[in-house]
Amino acid sequence: MRSGFLKLSGNAQGCIWMALCGLGFSVMAAFVKLAGQSHMNIFEITFFRVLIGFLMLVPFIARSGLGSLHTQYIKAHALRAVLGFVAMICAYLGIAKLELATYTALSFTKPLFAVILAVIILKEDVRWRRWAATIVGFIGVLVMMQPGSNTFNPWALLALGDAMSIALLITILKRLPASETPLVMLFYYGLIGTLMIAPFAIYQWQWPTSTQWLYLLAIGSTGALSQYWWILAFKAGEASVVAPFDYLRLLFAGMIGFAIFGELPDHWTLIGSAMIVGSTVYIAQREARRRGAS
C-alpha cells in the first residue's frame with residue numbers, strides 16, 4: 001500500500017495528506033470547543049496544544065539524534081511560530097464562539113490567499129481552470145456565509161486573521177529547502193511556540209480538571225499529527241493544487257458539529273458545501289489528466 005502511495009504524483013500525495021489533515025483538525029476543533037465550554041481560557045488551551053505536540057516529538061528525536069535538528073533557517077522557523085501563535089489564538093477564540101461549520105466556512109478565505117501568494121511569491125504556474133475552480137469554491141463559502149446575516153459578527157472576523165496567518169505559513173514552508181525535514185519544522189515550531197505562549201498561559205493559569213486534561217491531551221495529539229500531515233501536504237505538492245483540498249474540512253466539521261453539538265447545517269450550508277466539494281473534485285480530475293498527458 002505504501003509503495004502504491006509513493007508511485008502517485010507529488011500533487012496527488014499532497015491532496016491526500018491535506019484531506020487527512022482536514023479530518024484531524026476537525027476532530028481537534030471539537031475538543032477545543034469542548035474545552036472552551038468547560039471554561040478553560042484560550043491561552044492555556046493553546047499552550048498545552050503546542051507543549052503536548054512538542055513532547056510527542058521526543059521519541060523521534062531520540063531515534064534520529066540531535067544532529068538531525070540542525071538548521072540554517074532559524075529566522076524562518078521563528079516567523080512560522082509567531083504566525084502559528086496568531087493563527088491558533090484567532091482559531092480557538094472563533095471556534096469557542098461559533099458553530100464548527102460556520103467557523104470552518106469563514107476560514108476558507110485561506111486557500112484564496114494561498115493561491116495568490118503562490119503566484120506572486122513562489123512563481124507557480126496556475127492555469128485558468130484551477131483559478132476558476134478556486135473561485136467557485138470561494139463563492140460556495142460566500143453562499144454559506146450569507147452576507148448581511150448574523151454570521152458577520154466580531155468573533156467571525158477572527159477567521160480572516162487565522163486565514164491570512166496560515167496562508168503566509170504555507171508560503172514560508174514552500175520556500176524552505178527539502179533538507180528541512182518535517183521533524184525539524186515541528187521541533188522548532190514547538191520549541192519557539194511553547195516559550196512564546198507560556199507567559200500568557202501562566203498569567204491566566206487555572207489547574208485543569210481530569211476531564212479537561214483529557215481534552216488537552218486530545219487537542220495536543222490530534223493537533224500535532226494534523227500539523228505533520230499539513231507539512232507533508234505542502235512539501236509534496238504545489239500550494240495552488242493542495243490548498244483547495246482543505247475545503248473538505250467543511251464536511252468533517254459539519255458532521256462532527258452535528259454528532260457532538262447538535263449543530264444542524266441549513267440549506268445554504270448544504271448548497272455551499274456542494275459547490276466547494278465540486279471544485280475540489282474538479283481540480284483533482286484536471287491534475288490527473290495533466291499528469292497523464294505529460
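Residues numbered from 1 in each chain as written. Predicted model: local features only at pLDDT ≥ 70, side-chain atom pairs only at ≥ 80, totals over all residues. Heavy atoms only, no water.

Draft legend 1. Structural detail: the overall build of the protein chain. Counting its regular elements, the protein chain contains 14 helices and zero strands. Mapped from its N terminus to its C terminus, the protein chain presents α and β elements in the order α-α-α-α-α-α-α-α-α-α-α-α-α-α. Evaluated residue by residue, the protein chain yields a buried proportion of 52% over its 294 residues. For the protein chain, the accessible area works out to roughly 13,700 Å², and carbon and sulfur atoms hold 70% of it. (Helix = DSSP H or I, 4+ residues; strand = E, 2+ residues; numbered from the N terminus. Buried < 20%, exposed > 50% of the residue type's maximum accessible area, 1.4 Å probe, protein only. Areas by Shrake-Rupley, 256 points an atom, 1.4 Å probe, with all protein chains shown as cover.)

Draft legend 2. Region of the structure containing the packing of aromatic side chains. Applying the stated rule across the entire model yields 11 aromatic pairs. An angle of 75 degrees between the planes, with centres 5.3 Å apart, marks the rings of Phe47 and Phe48 as edge-to-face. Phe47 sits in the buried class, given a relative accessible area of 14%. Between Phe48 and Trp205 the ring centres are 5.7 Å apart and the planes differ by 45 degrees, which places this aromatic pair in the tilted class. Placement of the pair is Phe48 in helix α3 (residues 42-55) and Trp205 in the loop between α10 (182-203) and α11 (210-236), with a sequence separation of 157 residues. Residue classification places Phe48 among the buried residues on the basis of a relative accessible area of 6%. Judged by relative accessible area, Trp205 falls into the partly exposed class, the value being 34%. (Phe/Tyr/Trp six-rings, centres within 6.5 Å; stacked < 30°, edge-to-face > 60°.)

Draft legend 3. Looking closely at the pattern of salt bridges. Evaluation of the coordinates by the stated rule reveals one salt bridge. Lys33 serves as the salt-bridge partner of Glu263, at 3.9 Å between the closest nitrogen and oxygen. Note that Glu263 is positioned in the loop between α13 (249-261) and α14 (267-293) and Lys33 in helix α2 (residues 10-37), a separation of 230 residues in sequence. According to the relative accessible area criterion, Glu263 is buried, its value standing at 10%. In this structure Lys33 comes out as buried when scored by relative accessible area, which is 7%. (Salt bridge = Lys/Arg side-chain N within 4 Å of Asp/Glu carboxyl O.)

Draft legend 4. Geometry of the nonpolar core. Among the nonpolar cores identified, the biggest contains 37 residues, and Met18, Leu57, Ile170, Phe187, Trp230 and Phe234 are the most heavily contacted of them. Once residues lying within four places of it in the same chain are set aside, the contact partners of Phe234 are Met18, Ile170, Leu173, Lys174, Ala239, Val242 and Ala243. Ranked by size, the runner-up nonpolar core spans 35 residues in total, among them Tyr103, Ala201, Ala253 and Ile256. (Core = buried A, V, L, I, M, F, W, Y, C linked by side-chain atoms within 4.5 Å. Contact = heavy atoms within 4.5 Å.)

Draft legend 5. Quick look at α13. With 13 residues, α13 should reach 18 Å at 1.5 Å per residue; the first-to-last C-alpha distance of 17 Å fits that figure. When we look at burial in α13, the residues that qualify are Arg249, Leu250, Phe252, Ala253, Gly254, Ile256, Gly257 and Phe261. (Expected span 1.5 Å × (residues − 1).)

Draft legend 6. Molecular detail of unusual backbone geometry. Phi at His39 takes a positive value of approximately 75 degrees, unusual for a residue other than glycine. Of note, His39 is situated in the loop between α2 and α3.

Just geometry here; none of it tells us what the structure is for.
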